[in-house]
Amino acid sequence: MAAPNPTPRLNPRGGDRKGPGSTRPSLSLWYALGFILLLGLVQMYYLAPAGRPLPYSEFKTLLRNGSVAEVTVGEQTIRGTLKDAAVASAQGLAKQFTTNRIDDPKLVEELEQQQIKYSGEMVNRWLPELLGWLLPLVFFVAIWGFFFRRMSGAEGGVMSFARSRAKVFADDEVKVRFADVAGVDEAREELKEIVEFLKNPKKYTNLGGRIPKGVLLVGPPGTGKTLLARAVAGEAHVPFFSLSGSEFVEMFVGVGAARIRDLFQQAEAKAPCIVFIDELDALGKARVQSPVGSHEEREQTLNQLLAEMDGFDSRKGVIIMGATNRPEVLDPALLRPGRFDRQVLVDKPDVKGREDILRIHVKGVKVSADVDIRKVAARTAGFAGADLANLVNEAALLAARVDKTEVGPQEFESAIERLVAGLERKRVMSDKDRETIAYHETGHAVVASALEGQYPVHKISIVGRGFGVLGYTLHLPTEERYLSSRTQLLGELAVLLGGRTAEELTFGEITTGAQNDLLRATDIARAMVTEYGMSDELGLIHYEGNKRPKFLDIGMPQERGLYSEETAVKIDAEVMRIISEAHARARQILTDRREQVDIIARRLLSVEVMEGDELRRILGLPERDAAAPAAPAVPAPTPVS
Ligand code: ADP
Ligand code: MG
Ligand code: ZN
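Residues numbered from 1 in each chain as written. Chains lettered and ligands numbered in written order. Predicted model: local features only at pLDDT ≥ 70, side-chain atom pairs only at ≥ 80, totals over all residues. Heavy atoms only, no water.

**Focus: the packing of helix 10 (residues 255-269) against helix 12 (residues 296-311)**
With their axes 7 Å apart at the nearest point, helix 10 and helix 12 run at an angle of 20 degrees to one another. It follows that helix 10 is roughly parallel to helix 12 by the angle criterion. Considering how the two elements wind past one another, helix 10 and helix 12 form a crossing that is right-handed. Contacts from Val255, Gly256, Ala257, Ile260, Arg261 and Phe264 in helix 10 reach Glu297, Gln300, Thr301, Gln304, Leu305, Glu308 and Met309 in helix 12. Split by residue class, the contact of helix 10 with helix 12 holds six nonpolar, four polar and three charged. (Axes fitted to C-alpha atoms, helices over the stretch in contact; angles between N-to-C directions. Helix = DSSP H or I, 4+ residues; strand = E, 2+ residues; numbered from the N terminus. Parallel < 35°, antiparallel > 145°, perpendicular 65-115°, else oblique. Left-handed = near helix turned anticlockwise from the far one by under 90°. Contact = heavy atoms within 4.5 Å. Nonpolar A, V, L, I, M, F, W, Y, C, P; charged D, E, K, R; others polar.)

Okay, here's the thing in structure tokens:
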């Protein structure tokens, strides 16, 4: 893709100012070292012994000779003066001499005898002692000063390095178009509206319409979220400001917030335009009370973003787009109305989508005529757009290596093999797994369609979704529903168990794939018994007290409600009964429709994504989606996996 031009770069407030105190930290260190050196020299000069060192025996001889004039006895040395310079130089000595002191109790006696003037010497130890504590002190002060400058130096030299990493890309003319993005048709449809608005904001605002402020693109990595955001700007011919959430996470508190402020200022001046914040999760993680308090910078930045989003008027034509592959960690405040209130799912592509994406990427590559793109698409289940782009590139590299002029089918084949091996960690499915998942999803879908009062199935998919979900069945509500009846809940249980039941019936073997279904089913059944008063056996009692954690609360380890052991046994039995009845019901439904289940699962294996209408046609049911009102975006549809 065309690289964005890194035009203007944001300067945090007061960016380039250099304070007067910002001299090099090492300078004071040099002063200290020089001072110490000087002290050393002084000491050497004053304490240095003159002349050649005098052996003690010689000193004693000189003493007895009477040639010593004066002696100063130190702790370790004896210094003295000779009477006669001539005698001294005859022996190669200076008039001043020094000798090492030896333990000699008779020395004083002898000195008295010779009547030599002698004195003791107080050894002056201030220098070594001073150095002993001054040196480490100077050292620590220097180190501390250095780091202090680094930390607080929002205006210092180190900061300019940190700043340059976070770039705001301001692209006045984006070259990407919707035609460059494939396999994400639903997301593209939703974004077309945004493009319309950006092209002609007046048309909408004159009518008093409220334009969405923020659009959040949600989907696994490499599915083309960044690409789509750029395409929106490209289609609308508006400037595109983008930066990545991960670049905000700085060590320096306040920098990110300043950057956000400047970003919005720039954007407002250029409206209509798009502000795109990639990898929003790095910045917008839910704020938590942490005893360490180390998230201050991120939280400040996030708060600034929230404030800016609230503060500006979308009628000016600034649309904020975000992208994330971890929507579940986002701070709920980001998703409130007036912020990222619209969410667009950018999912991994199905066979057809993969084919389209491949066709886009082989455009720039010489591909031989016998390459069947459809076959390649069929072989790459689970690949995201970025993986497919990579695949084409790998194939081209392989062809170049063997000096081919065109990329042939063999190159695609080996590139797929290579990438699949590389993607193994990402769990590209084996054929057996795909089959199991196809039957599992079919089970959910068939049970859901057979039961009255369940949301109609909108779509079944066995394309791995990267969220730890192997496939899913999407029910869209036809109307908003605030209360669930007992019948509906029992139906939901049967739907949840439908996946597992289909596996049992088809393969006579069960897999781990139903774990989440079972968890949800157990939750519902237990809540029916202990919270909703829907079990005749246990009556209209709410057993859990207020123990259940609220939505999005960080749950404390849950304690059991206040009831006796006896009641606990009864509750467990009731839950078990409800679940096994739901299981039996699902089994009945699927056994009755054994042939259709096979047809649907087979079909699903080849197309990977099936619309609800096709499902109902196979089951001989009326096509409900057509009659249903346009899918309301309000309650998020819950996929059953
Ligand atoms: P995301 O932001 O979702 O992680 P990107 O938009 O960065 O993914 O995609 C990386 C590259 O993969 C794109 O530049 C493009 O070449 C290719 N790509 C991804 N998805 C698609 C797609 N749906 N259609 C065409 N190319 C795609
Ligand atoms: Mg991206
Ligand atoms: Zn399931």
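From this point, things continue past the structure.
**Here's the deal with helix 7 (residues 185-199)**
Given 3.6 residues to a turn, an α-helix orients residues that are three or four positions apart in the same direction. The end-to-end C-alpha separation of helix 7 is 21 Å, in line with the 21 Å expected for 15 residues at 1.5 Å each. For helix 7, the full list of buried residues reads Ala187, Leu191, Ile194, Val195, Phe197 and Leu198. Buried-residue contacts for helix 7 involve helix 8 (201-205), strand 6 (214-218), helix 9 (225-236), strand 8 (273-278), strand 9 (318-324) and strand 10 (342-345). (Expected span 1.5 Å × (residues − 1). Buried < 20%, exposed > 50% of the residue type's maximum accessible area, 1.4 Å probe, protein only.)

**Some remarks on the site of ligand 1**
As a structural note, the neighbourhood of ligand 1 is formed by 15 residues, with Ala182, Gly222, Lys225, Thr226 and His361 the closest of them. For ligand 1, a nitrogen atom lies 2.7 Å from a polar atom in the backbone of alanine 182. Between ligand 1 and glycine 222 there is a distance of 2.8 Å, counted from an oxygen atom to a backbone nitrogen or oxygen. Burial of ligand 1 by the protein amounts to 81% of the accessible area it has alone, namely 560 Å². Counting residues per element, the ones that place at least two in the shell around ligand 1 are helix 9, helix 13 (351-362) and helix 15 (385-401). For the shell around ligand 1, the element with the most residues is helix 9, which contributes three residues. For the shell around ligand 1, the per-class residue count stands at seven nonpolar, six polar and two charged. When residues of the shell around ligand 1 are assigned to domains, at least three map to each of domain 3 (167-345) and domain 4 (353-421). (Near = heavy atom within 4 Å. Polar contact = N/O pair within 3.5 Å; in protein donor to acceptor, adjacent residues only side chain to side chain. Areas by Shrake-Rupley, 256 points an atom, 1.4 Å probe, with all protein chains shown as cover. Domains from an automatic or database assignment.)

**A word on the side chain of threonine 324**
Looking at the secondary structure, you find threonine 324 in strand 9. Discounting residues that sit within four places of it in the chain, threonine 324 has contacts with Leu216, Leu217, Val218, Gly219, Lys225, Asp281 and Leu330.

**Thoughts on the environment of valine 420**
Secondary-structure assignment places valine 420 in helix 16 (residues 409-423). What makes valine 420 partly exposed here is its relative accessible area of 21%. Sequence-wise, valine 420 and arginine 379 are 41 residues apart; in three dimensions their C-alpha atoms are separated by 10.0 Å.

**A short note on the packing of aromatic side chains**
In the structure shown here, the tally under the stated rule is five aromatic pairs. Here tyrosine 56 and phenylalanine 59 contribute two aromatic rings whose centre-to-centre distance is 5.6 Å and whose plane-to-plane angle is 50 degrees, an arrangement assigned as tilted. Within this pair, tyrosine 56 and its partner phenylalanine 59 are both found in helix 2 (residues 56-65), separated by three residues, close to a single helical turn. Judged by relative accessible area, which is 11%, tyrosine 56 ranks as buried. Relative to phenylalanine 140, the ring of phenylalanine 139 has its centre 5.8 Å away and its plane inclined at 65 degrees; by these criteria the two rings are edge-to-face. By the ring-pair criterion, three or more aromatic residues cluster together here, those being Tyr56, Phe59 and Phe97. (Phe/Tyr/Trp six-rings, centres within 6.5 Å; stacked < 30°, edge-to-face > 60°.)

**Some details on unusual backbone geometry**
Comment: phi is negative for the bulk of residues other than glycine, and the bulk of peptide bonds are trans. Residues other than glycine seldom take positive phi values, yet glutamine 115 does so here, at roughly 55 degrees. Relative to the assigned elements, glutamine 115 resides in the loop between helix 4 (107-114) and strand 4 (117-120). Looking at glutamine 115, the relative accessible area reads 71%, which means it is exposed. With a phi angle near 55 degrees, histidine 237 is a residue other than glycine that sits in the positive phi range. Position of histidine 237 among the secondary structure elements: in the loop between helix 9 and strand 7 (240-244).

**Structural notes on the environment of leucine 518**
Among the secondary structure elements, leucine 518 is positioned in helix 19 (residues 515-530). Measuring from C-alpha to C-alpha, the distance between leucine 518 and arginine 500 comes to 8.8 Å, with 18 residues separating the pair along the chain. Beyond its immediate sequence surroundings of up to four residues, leucine 518 is in contact with Leu497 and Arg500.

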